[in-house]
Amino acid sequence: MINFSIQNCVARFMKLYLLPFFFLLFFCACSSSRHYQPTHKFGKKELQSDYLLLKDILEKKHPSLYWYTSKDSMDIYFDTYYKAITDSMTELQYAWNILAPLIDKIHCGHTSVSMSKAYAKWSEGRRQPSFPLYFKVWNDTMAVTANLNRKDSVFKYGTLVTSINGIKNIDIIRKMFSYLPEDGQAYNVNFMRLSGNFPYFHRNIFGLSKTYKVNYIDSLGNAKTADLAQYSPPKDSLKKDSLAKITKKALPKVPKEKRLLQYRSLKIDSSQTTGVMTINTFTNGKLRSFFRRSFRQLQKEKIKNLVVDLRLNGGGRVGLSTLLTRYVTRHTFKVADTLTTESKSLGPYTKYVKGKLLNNLELLLIAHKRADGRYHLTHLENKTYQLRSSNNFKGKVYVLTSGLTFSASALFCNAVKGQEGITLVGEETGGGWYGNNGIMIPDIKLPRTQLRVRLPLFRLVQYKHIAEKGSGILPDVLVTPNLTALKKGIDYKMEVVKKLIIADR
């Protein structure tokens, strides 16, 4: 997440000496994925072996294993899920029944489970049976946004569902949350995850039913019940998906600037003297040059109001988040009060962690032991950032946030919150207000199942953080989802910002 000169050296080394080796690994991986069988079951001892290895790595190397859950409680959870391995399991069963609920108990949004690369390759473009409805989910509300059973005329866009197979909304949501990671108790990110792919999570957590008994509210406000058939993809769906990929390759190449718009954009309404800057990531999109051009244009056109939309920004490079902060901040700032890791090496688990020796080399160069016994990234702890000397934006700034505002974008929100002329509008961020874990986040690859678990290596306590850890960053103007706006396709948060700008005049 941070660019150091050592990373450039490492990249050059990889290009010259390690690429041939990686190409060999890639072809071997492709060969194995063609023969992948998702129904293959791993023996109980294999699963236990992977589990104990993961437990050891988390206990020795995770920077905040006991930040939100006490050691006594984590020991109980480790023991509980180990005992739950009573028989052989498929990769999918092991991931969802054992590892996902275990990892949730850490309450670290950067520690998560993902399937093996072979499974990911096998499932790519493959439609699977599932519960057919997509929802916008918030609090205890589930409003239909899509229906995979296209011939169904009951569950239309905006229909409120109150229970599925006799389980009430609040209980469905609560159970799903126990499988999904978050920073502390900043659960808003999980509402967004469920809204993004409810059928996927429902299938893996609750399993499949041939039919679902669904309670809902009809257009007249009456409570009703209907039987909803499972979505079953057509048998030739794989062929169709493959054909779609071939067709996609044959399409004309999209111009580079248009491709970059998925990462960031700037729209200016000169008549309203307002600019809307959308930044969906701090990783891609050539952001340095984009920021330079954009803030120069804002100053040239004398724009007085800037909306910074971070609602889909899951984070990325701290250096780019910090750069944006420098363009809008009213005073100097720091990124972190403290930034620490457990050790200067991944040993003796190096071979199980992606990046292997390269991670060890970076840790060796950037982490320094201090009196508290932990290793500190002193570069970010000590550095004070100044306002940009040119094109620093002096007008009113409105920052749009949601549960997906995470990691580096949460650092930006914390840095600017409370400053004169800067207003956070929307929902609680998914990124922790007190702090979070990250900076370097390699994958642990479990040797038997090949499942992957993300391992953040540094604990970051935010600069001028709040005293109580656990929540995301709270907006100055809270704007929660609105059913009427959802049905009409209105961007409700943006409408609120427009009203704030008019009222300020």
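Residues numbered from 1 in each chain as written. Predicted model: local features only at pLDDT ≥ 70, side-chain atom pairs only at ≥ 80, totals over all residues. Heavy atoms only, no water.

Chemist: Please clarify how the overall build of the chain should be interpreted in this entry.
Modeler: Helix and strand content of the chain: 16 helices and 22 strands. Every one of the 505 residues in the chain was classed for burial, and the buried ones make up 49%. Counting contacts in the chain only where the partners sit at least 6 residues apart, residues at least 24 apart contribute 75% of the total. With an accessible surface of roughly 25,200 Å², the chain has 54% of that area assigned to carbon and sulfur atoms. (Helix = DSSP H or I, 4+ residues; strand = E, 2+ residues; numbered from the N terminus. Buried < 20%, exposed > 50% of the residue type's maximum accessible area, 1.4 Å probe, protein only. Contact = heavy atoms within 4.5 Å. Areas by Shrake-Rupley, 256 points an atom, 1.4 Å probe, with all protein chains shown as cover.)

Chemist: Got a minute to help me understand the nonpolar core in this structure?
Modeler: Judged by nonpolar contacts, the single largest core of 81 residues is most densely connected at F135, V161 and F458. For this core, the leading source of residues is helix α4 (residues 91-104), giving eight residues. In this view, F135 contacts M142, A143, V144, T145, V161, I164, L194, S195 and F198; residues no more than four positions away in its chain are not counted. (Core = buried A, V, L, I, M, F, W, Y, C linked by side-chain atoms within 4.5 Å.)

Chemist: Honestly, the packing of helix α3 (residues 71-83) against α4 in this entry has me stumped. Any pointers?
Modeler: Relative orientation and spacing of two packed helices are given, respectively, by the angle between their axes and the distance between those axes. At a minimum axis distance of 10 Å, the contact between α3 and α4 shows a crossing angle of 175°. When the axes of α3 and α4 are compared, the pair comes out roughly antiparallel. For the pair formed by α3 and α4, the contact residues are M74, Y77, F78 and Y81 on the first element and N97, I98, P101 and L102 on the second. Its residues assigned to classes, the contact of α3 with α4 comprises seven nonpolar, one polar and no charged. (Axes fitted to C-alpha atoms, helices over the stretch in contact; angles between N-to-C directions. Parallel < 35°, antiparallel > 145°, perpendicular 65-115°, else oblique. Nonpolar A, V, L, I, M, F, W, Y, C, P; charged D, E, K, R; others polar.)

Chemist: Quick question: what am I supposed to make of the side chain of D443 here?
Modeler: Along the chain, D443 falls in strand β19 (residues 443-445). Once residues within four sequence positions are removed from consideration, D443 is found in contact with Y352, V353, K354, R452, V453 and R454.

Chemist: Quick question: what am I supposed to make of the sheet that holds β19 here?
Modeler: Adjacent strands of a sheet form backbone hydrogen bonds with each other and so pair up, either parallel or antiparallel. The three strands lie next to each other as β3-β20-β19, forming an open sheet whose pairing is antiparallel. In the strand order of this sheet, the two ends are held by β3 (113-114) and β19, each with one partner. Two elements, β19 and strand β20 (residues 452-454), share three bridges in a ladder whose sense is antiparallel. Pairing of D443 across the sheet is with R454, part of β20. (Pairing = 2+ DSSP bridges.)

Chemist: Explain the pairing of strand β13 (residues 336-341) here, please?
Modeler: Put simply, side chains in a regular strand alternate between the two faces of the sheet. Looking at chain direction, β13 and strand β21 (residues 458-462) are connected through four bridges and run antiparallel. Pairing of T338 across the sheet is with V461, part of β21. Direction of pairing for β13 relative to strand β15 (residues 375-376): antiparallel, over a ladder of two bridges. Bridging across to β15, T340 finds its partner in H376.

Chemist: What should I look at first to understand a nonpolar patch on the surface in this one?
Modeler: A contiguous nonpolar surface patch, about 250 Å² in accessible area, is contributed by L361, L364 and L365. Position of L364 among the secondary structure elements: in helix α12 (residues 356-366). (Patch = residues over 30% accessible without salt bridge, like charges linked within 9 Å, V, L, I, M, F, W, Y side chains within 5 Å. Salt bridge = Lys/Arg side-chain N within 4 Å of Asp/Glu carboxyl O.)

Chemist: What is the right way to look at the environment of V425 in this model?
Modeler: Tracing the backbone shows V425 in strand β17 (residues 422-426). Overall, the relative accessible area of 0% leaves V425 in the buried class. A C-alpha to C-alpha distance of 9.9 Å links V425 and T480, two positions 55 residues apart in sequence.

Chemist: Explain unusual backbone geometry here, please?
Modeler: Cis geometry marks the peptide bond from G347 to P348, where omega comes out at 5°. Tracing the sequence through the fold places P348 in the loop between β13 and α12. Of note, the phi angle at N165 is positive, near 50°, even though the residue is not glycine. Within the secondary structure layout, N165 lies in the loop between β6 (160-164) and β7 (167-168). Of the residues examined, N165 reaches a relative accessible area of 34% and is grouped as partly exposed.

Chemist: What am I meant to see in empty space enclosed by the protein here?
Modeler: If a probe as big as a water molecule is rolled over the atoms, it shows which places are left empty. This model, assessed by the stated rule, comprises four cavities of 30 Å³ or more. Considering only enclosed or pocket space, the largest cavity measures out at about 90 Å³ in volume. Lining the largest cavity we find 13 residues, and of these F333, K334, V335, L411 and A415 sit closest to its centre. Mapped by element, the contributors of at least two residues to the lining of the largest cavity are α11 (318-328) and α14 (408-416). Looking at the lining of the largest cavity, its residues break down into seven nonpolar, five polar and one charged. (1 Å grid on protein atoms, 1.4 Å probe; cavity = no way out; pocket = protein on both sides within 12 Å on 5 of 7 lines; lining within 4 Å. Points joined across faces, edges and corners; volume = space filled by probe spheres on them.)

Chemist: Mind showing me how you'd approach the pairing of strand β8 (residues 211-217) here?
Modeler: Burial along β8 is one-sided: the residues Y212, V214 and Y216 are buried and none of T211, K213, N215 and I217 is. Here β6 pairs with β8 via four bridges, running antiparallel. For I164, the partnering residue across the bridge sits in β8 and is V214. Alignment of β8 against strand β9 (residues 223-229), held across seven bridges, turns out to be antiparallel. Paired with N215 across the bridge in β9 is T225.

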